[in-house]
Amino acid sequence: MKDLSVKNLEMVYKVPKSTDVHALSDVSFDVPAGRLLTLLGPSGCGKTTLLNILAGFLAPTGGSVTLGGEPITGPSEDRGMVFQQGALFEWLSVEKNISFGPRMKKADKAATEANVEELLYTVGLGGFGDKQVYELSGGMQQRVALARCLANDPDVILMDEPLGALDALTREKMQGLILKLWKETGKTVILVTHSVEEALYLGDMLFVMAPRPGRIEKVYELPFAAQGLESDARELKASAEFIEKREEVLSLIWEMEEEIMGRN
Amino acid sequence: MATSGPNLGLGSAVATALETADNDRGFSLGGGLFNRGDDRKTVTFGDSAAVKSLPGWSVVSLIGMIALWFVSTRAWGLDDVWRTTGDSQQTFLANCDKDPACAGSYSQWLGYRKFPSPGDTWRGFRELSSEGFQNITLWQHTWSSLSRVLRGMFFGVLFGVPVGLAMGLSSAARGFFDTIVELLRPIPPFALIPLFILMFGIGDPPAVRLLIFASIWIMIIAARSGVRAANLSKVRAAYSLGATKWQVLTRVLIPNALPELFTGLRVALGVSWGTLVAAELVGARDGLGQMIFAARPFFRLDVVVVGIIVISVLGVLMDVFLRFLESILIPWRGKG
C-alpha cells in the first residue's frame, strides 16, 4: 500500500478583470496508507479542488503531490473516484459498469466475472448484475459506483460528496457500507462532505478547511470510525463524546461562515 | 426530461423532435380510444404531461379527411368529364382548340379535373403499381427516391459525425470547422439545385450530393452537441478507471452521444426527404418527385396524388422505424 503526501500545494485561479482566487494556499499533509480522511469546510474552501488535484484532474500551480513516492500527473487507475451522482454508464448493465476498469485493461475475463460477482454481494447488490443502472434507486446506483471503483483495486479511493444526493435514511445505510468497505479492503479513502455528522462518523482523520485562501484550519484524529464498525451507528452519534465534537466543529465552521458574510 | 441545454443548439426542429420523442411515451395511463385514462389529476388544462394524443380522435380525423375527399370530389358532380365524353385526352384537347366555346371553358374543364376522387386515385395507384407511368412503376420510382435518401444520409453521417465529434473534442477542430459550418449551413439546399445540375448533370449524382449537403450539417451539429452533453463526471470516472483517450471516445463519448445522434438522424431524414422530392422535380429521370412533375403536363392528377400520398406515408414509416430503433438502442433515454 502507498502513502499519500502533499507538500506546499498552491492553486490559484486567474479570473479575468478581477483579483486571482486562491483556492489552495500552502497545503501540506500526509495520509498514511489505510487511513480514512474526511474533508469538511464551508463552500469555497477548496476541498473539491484538492480532491480533483489528488485525482489528477487538475494540475496545481505550485507544490507537489506524491503517491508512494511517485508524483501525480494525471488520472490513473491507482486512484479511484466516486462522484456525487454515480456518473455511471447508462448504456451498460450493472455488471458491465462494475467490470469497466478491468475490461479496459483487457484483464482475464473469467477472473473479472468472478470478481464482479463477489463485489455485487459485498456492496449488497447480489442478483442485480443484469439490471440496467437507470432502473436502480440513487442509493443502489452509488453502490454500483463503489463496486466499479473497487473492481479496479485502486490504492486510494476519492469520494466527492458521494452521499450528498441521497435521502437521510439511505445516507445512514451507505455510511455503514463505506465504513465496512474501508475496514475490509484496508484502502486509503479520502471523502469530501458537507455534513459535519458524516465527517465525524466516517473520518478516522478529519481536516476542517477554511476559505480565502483555501487552507487546512484544523486537523482532528477521531475514534468514531473505528468504533462505528462495532457499535450501533445511532447510539454512537447520540453519545456525549460525539455530540461534543459535533458542536465544536459546527461552531468552528459557523465562525468561518460569519466571517465570510461579514467580509462581503 | 432527457434534453439538456446543449441540445438547444440544434434549433427548434430538434426541440420539436425531442418533444415528440418524450411525449409519445405517454400511452400508459390505461386510457381508451376516447378516454384519457384516470390518473386522478384534477388540473389537466396546462399540464402538458396530462395531455396525450387520443387514438380515437386520430382515427376520426383520418376517416374525416377521406370522407371530405370523397364528398368534395363526387357529391357536387365534379365528375370525370374527360372520361364521360369517351374521347382520349389528346382528341379532346385538339377538338377543344378548334372550338372557341370549348377553349373558353378550358379553364373550367381544368377545374373539373382539379382533384381526383378516391376512386380515381385508387385506379391510378393500381395502374402505377402494375404498368407504371411512362414505363416506370411506382415501386421503381419509390426505390429510386429511397435509395437516394439512404445514400445521401449514409455519406452525410459518414462525413458529418467524425467532424462533429472532432469539434466536440478539440479546440483547434472547433475553431477550424466553426467557420465552414456556420457559413455553409444557412444555405438552403434548393438554392444549390441549379448549380448541382450544371456541375453533375441529371439523375443520381446531383441528387445524392444535394442530400449529403442537406444532412451533413445536421449530423455535424448533432455529434458536436452529443459530445458536449457528456457529463464531465462520466468522462473523469472513465479516465480514473484506467481508460485511454480512444477508449473514452469509443466506450463513453459515442454511446453517451447516441440520443443526440438519433435526434440528428431523424431531423436529417425529414429534411433529406423534403429536399429530395424538390431535387427530383427538376433534375431526375425517375423518382417520386420526377413522377409527380412528369404527370402534370398530361393532367394525370391521379398520379400526382398517388405520389403525394406515397411520399407522406413513407415519411411517416421511416420516422416510426427510427423511433422503434431508438427505443431498442437507447432504452435509457429520458430515464437518466
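Above this text sits the structure in question.
Residues numbered from 1 in each chain as written. Chains lettered and ligands numbered in written order. Predicted model: local features only at pLDDT ≥ 70, side-chain atom pairs only at ≥ 80, totals over all residues. Heavy atoms only, no water.

A look at the packing of aromatic side chains
All names here are of chain B.
Then comes step 1: Counted according to the given criterion, the structure contains 15 aromatic pairs over all chains.
Then comes step 2: For the pair Phe196 and Phe200, a centre-to-centre distance of 5.3 Å together with 85° between the ring planes defines the contact as edge-to-face. Of this pair, Phe196 and Phe200 both sit in helix α10 (residues 193–200), four residues apart, which is roughly one turn of the helix.
Then comes step 3: By relative accessible area, which is 28% here, Phe200 ends up partly exposed.
Then comes step 4: Consider the rings of Phe213 and Trp217, whose centres lie 5.6 Å apart with planes at 85°: the pair is edge-to-face. Within this pair, Phe213 and its partner Trp217 are both found in helix α11 (residues 204–228), separated by four residues, close to a single helical turn. (Phe/Tyr/Trp six-rings, centres within 6.5 Å; stacked < 30°, edge-to-face > 60°. Helix = DSSP H or I, 4+ residues; strand = E, 2+ residues; numbered from the N terminus. Buried < 20%, exposed > 50% of the residue type's maximum accessible area, 1.4 Å probe, protein only.)

Some details on the side chain of B:Arg236
Then comes step 1: Examined against the element boundaries, B:Arg236 turns out to sit in helix α12 (residues 232–240).
Then comes step 2: Buried charge B:Arg236 goes without a salt bridge, the closest partner of opposite sign being A:Asp160 at 7.0 Å. (Lys, Arg positive; Asp, Glu negative; His and termini not counted. Salt bridge = Lys/Arg side-chain N within 4 Å of Asp/Glu carboxyl O.)

Here we look at the sheet that holds strand β7 (residues 156–160) of chain A
For sheets, the rule is that strands pair by backbone hydrogen bonds, running either parallel or antiparallel.
Residues and elements named next belong to chain A.
Then comes step 1: A sheet is described by the order of its strands in space; here six strands give the open sequence β6-β7-β8-β3-β9-β10, paired in mixed fashion. Looking at the sheet topology across the chains shown, the edges are occupied by β6 (79–82) and β10 (215–221). Looking at each pair of strands side by side, their axes are set apart by 20° on average, direction ignored.
Then comes step 2: Examined bridge by bridge, strand β3 (residues 36–40) and strand β8 (residues 188–192) share four bridges and lie parallel to one another. Residue pairing for β8: Leu36 is matched across the bridge by Val189. (Pairing = 2+ DSSP bridges. Axes fitted to C-alpha atoms, helices over the stretch in contact; angles between N-to-C directions.)

As for the pattern of salt bridges
Then comes step 1: Under the defined criterion, the tally for this structure stands at 29 salt bridges over all chains.
Then comes step 2: Across the pair A:Arg35 and A:Asp204 runs a salt bridge, and its minimum N-O distance is 2.7 Å. Highlighted residues: A:Arg35 in the loop between β2 (21–31) and β3 and A:Asp204 in the loop between α7 (196–202) and β9 (205–210), separated in sequence by 169 residues.
Then comes step 3: Residue class for A:Asp204 comes out buried when judged on its relative accessible area of 14%.
Then comes step 4: For the salt bridge of A:Lys105 with A:Glu77, the shortest nitrogen-to-oxygen distance reads 3.0 Å. Taken together, the positions of A:Lys105 in the loop between α3 (100–104) and α4 (109–122) and A:Glu77 in the loop between β5 (70–71) and β6 put the pair 28 residues apart, joining distant regions of the chain.
Then comes step 5: Overall, A:Lys105 belongs to the partly exposed group, its relative accessible area being 40%.
Then comes step 6: Residue A:Glu77 is classed as partly exposed on the basis of its relative accessible area of 30%.
Then comes step 7: Several salt bridges converge on common partners, so that one network encompasses B:Arg148, B:Arg151, B:Asp204, B:Glu280 and B:Asp286.

Quick look at the interface of chain B and chain A
Then comes step 1: With 19 residues of chain B in contact, the opposing surface of chain A contributes 22 residues.
Then comes step 2: Approximately 2000 Å² of surface area, both sides summed, lies buried where chain B meets chain A, with 65% of it carried by carbon and sulfur atoms.
Then comes step 3: On the chain B side of the interface with chain A, the three residues burying the most area are B:Arg236, B:Ser240 and B:Leu241, jointly 34% of the side's total.
Then comes step 4: Applying the counting criterion to the chain B and chain A interface returns one salt bridge.
Then comes step 5: We note a salt bridge from A:Glu90 to B:Lys234, for which the minimum N-O separation is 3.0 Å.
Then comes step 6: Across the contact surface, chain B and chain A share four residue pairs in polar contact (both at pLDDT 80 or more).
Then comes step 7: Residue assignment for the side of chain B that touches chain A shows that the elements contributing at least two residues are α12 and α13 (245–283) of chain B.
Then comes step 8: At seven residues, α12(B) tops the list of elements feeding residues into the side of chain B that touches chain A. (Contact = heavy atoms within 4.5 Å. Buried area = accessible area lost by both parts, 1.4 Å probe. Polar contact = N/O pair within 3.5 Å; in protein donor to acceptor, adjacent residues only side chain to side chain.)

Distances and angles like these do not, on their own, reveal function.
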